[in-house]
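Here is what each chain is made of, one letter per residue.
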Amino acid sequence: MGARRGSATVLREVARGVVGGAVGTGAMTLTARLHRELHARRDGIRVDEIEEILDYDDSEHVVIAASTLLQHVVGWAPRSARGRQTLFWLVHWGYGSAVGVGHVALRRVLGREPGPGLAFFVGCQTMALGLFPVLGETPPPWRWERRLLVTSMVQHAVYAGGVAAANTATARLVDTRARPGAWSLRHPAREAFGR
């Protein structure tokens, strides 16, 4: 009985993390779209006419990184434009949603915000700065144009903020110590530390 309850708790926490990751990914997607629209308006062009990279997280470099991994793991990567676009969205939403679980784990270790959110942001930014040069054929971070580095940091701050807000909201709704069927606004970590 205890193992089943423990498994249910773990699954609930993973689900919360994935939902939080999806919220953060949605926020990041929206800000990337706004960034493209503002850039196009400033240059007097349509969004589909933008030729320069505005953000590595919103570029072909995501597909290059994912294709590199797919090629090594399964010996195949999409070649058609449609297949590459599909891979981009699968990686963008799938990876972005799954990584949100890391924030739930950080909340368990670090307690209340802002610590978990800041640590999560640093981790996400570090992954981007490491994975793109290794797998995505970008230059090393110290050679990125300043605007790309700033955009990356802003986008990951938006993502981390969205994840942290969603996970904080769901933590208030679900108290794993509450009796079945009961809702509580108490958070288990606060109770553990007498807060």
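A quick note: this is a predicted structure, and the numbers were derived from the prediction, not measured.

### Regarding unusual backbone geometry
Put simply, Glu-113 and Pro-114 share a cis peptide bond, and its omega is 20°. Examined against the element boundaries, Pro-114 turns out to sit in the loop between α3 (81-110) and α4 (115-135). One non-glycine residue, Glu-137, lies in positive phi territory at about 60°. Looking at the element boundaries, Glu-137 is found in the loop between α4 and α5 (146-173). In this structure Glu-137 comes out as exposed when scored by relative accessible area, which is 60%.

### Quick look at the side chain of Asp-57
With respect to the helices and strands, Asp-57 occurs in the loop between α1 (2-43) and α2 (60-74). Among the polar contacts listed, one links the side chain of Asp-57 to the side chain of His-156, at a separation of 3.2 Å.

### Considering the pattern of salt bridges
Under the definition given, this model contains eleven salt bridges. We note a salt bridge from Arg-46 to Asp-48, for which the minimum N-O separation is 3.1 Å. Each member of the pair, Arg-46 together with Asp-48, is exposed. As a salt-bridge pair, Glu-60 and Arg-84 come within 2.2 Å of each other at their nearest N and O atoms. Here Glu-60, found in helix α2, pairs with Arg-84, found in helix α3; they are 24 residues apart in sequence, far enough to count as distant. Judged by its relative accessible area of 40%, Glu-60 is partly exposed. Bridged by salt links that share partners, the residues Glu-13, Arg-16 and Arg-108 form one connected network.

Cut-offs and rules
- Residues numbered from 1 in each chain as written.
- Predicted model: local features only at pLDDT ≥ 70, side-chain atom pairs only at ≥ 80, totals over all residues.
- Heavy atoms only, no water.
- Helix = DSSP H or I, 4+ residues; strand = E, 2+ residues; numbered from the N terminus.
- Buried < 20%, exposed > 50% of the residue type's maximum accessible area, 1.4 Å probe, protein only.
- Polar contact = N/O pair within 3.5 Å; in protein donor to acceptor, adjacent residues only side chain to side chain.
- Salt bridge = Lys/Arg side-chain N within 4 Å of Asp/Glu carboxyl O.

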